[in-house]
Amino acid sequence: RNEGGVFKMVGIAGNTANLTKTGGSYYIVQNSGTFHAKYYRCETIGATTNGAITINGGSLDATNNFSNGTFISGSSTATSTAYINLNGLAIDNTTNLTIKSVTFNSGGTTNRNIKRDVPPAAGLHWFVSRTCL
């Protein structure tokens, strides 16, 4: 859990920051603080009804914003989970969030890649664009 601190999962091109397990299960929840993720690889992340990474509050770094990452074999059991859950991230008319070059591989039970099903506040508009190669 990130409760007001800084969580960094940042590598460089050709040398990713790797997050994996040797036993059991794991997931990440941020309630406040700042999350950084770029050039990363998450393996077998997720646990029972929890998704992989859940942002309940705080912020996402503008540069290290989940771009250039890989998720492999998520292991959540609920149908409402996702590798990345952005329901608690403040996204409004002045926020531009672009996440580029993320690979979501099969082999796990997590059934969504990115989740954001909390509607914006009245008068605010946002959309999700997906490019498939």
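Calculation rules
- Residues numbered from 1 in each chain as written.
- Predicted model: local features only at pLDDT ≥ 70, side-chain atom pairs only at ≥ 80, totals over all residues.
- Heavy atoms only, no water.
- Helix = DSSP H or I, 4+ residues; strand = E, 2+ residues; numbered from the N terminus.
- Buried < 20%, exposed > 50% of the residue type's maximum accessible area, 1.4 Å probe, protein only.
- Contact = heavy atoms within 4.5 Å.
- Areas by Shrake-Rupley, 256 points an atom, 1.4 Å probe, with all protein chains shown as cover.
- Phe/Tyr/Trp six-rings, centres within 6.5 Å; stacked < 30°, edge-to-face > 60°.
- Pairing = 2+ DSSP bridges.
- Salt bridge = Lys/Arg side-chain N within 4 Å of Asp/Glu carboxyl O.

A. A look at the overall build of the protein. Secondary structure summary: the protein contains zero helices and eight strands in total. Mapped in sequence order, the helices and strands of the protein form the string β-β-β-β-β-β-β-β. Burial analysis of the protein (133 residues in total) assigns 35% to the buried set. The contacts in the protein between residues at least 6 apart in sequence include a share of 77% that link residues at least 24 apart. Working note: accessible area of the protein is about 7600 Å², and carbon and sulfur atoms make up 49% of it.

B. Highlighting the environment of serine 59. With respect to the secondary-structure elements, serine 59 resides in strand 5 (residues 59-72). Using a relative accessible area of 31% as the deciding quantity, one classes serine 59 as partly exposed. The contact partners of serine 59, leaving out residues within four places of it in the chain, are Gln30, Gly33, Thr34, Phe35 and Leu89.

C. Looking closely at the packing of aromatic side chains. Counting across every chain of the model gives seven aromatic pairs. Ring centres of tyrosine 40 and phenylalanine 71 lie 5.7 Å apart, and the angle between their planes is 75°; on these two criteria the pair is classed as edge-to-face. Of this pair, tyrosine 40 sits in strand 3 (residues 28-43) while phenylalanine 71 is found in strand 5, placing the two residues 31 residues apart along the sequence. Judged on exposure class, the residue tyrosine 40 and its partner phenylalanine 71 are both buried.

D. Expanded view of the pairing of strand 3. Pairing between strand 1 (residues 2-10) and strand 3: seven bridges, direction parallel. Each residue of the ladder has a partner; that of valine 6, found in strand 3, is threonine 34. Alignment of strand 2 (residues 17-19) against strand 3, held across three bridges, turns out to be parallel. From the neighbouring strand, alanine 17 faces strand 3, where its bridge partner is tyrosine 40. Two strands pair when backbone bridges link them, and strand 3 and strand 4 (residues 53-55) are joined in this way by three bridges, in the parallel orientation. Note on strand 4: the bridge partner recorded for glutamine 30 is isoleucine 55.

E. Representation of the pattern of salt bridges within the structure. Within the structure shown, the criterion is met by one salt bridge. Residue arginine 41 is joined to glutamate 43 by a salt bridge in which the shortest nitrogen-to-oxygen separation is 2.5 Å. Taking relative accessible area as the criterion, arginine 41 reaches 30% and is therefore assigned partly exposed. By relative accessible area, glutamate 43 is classed as partly exposed at 24%.

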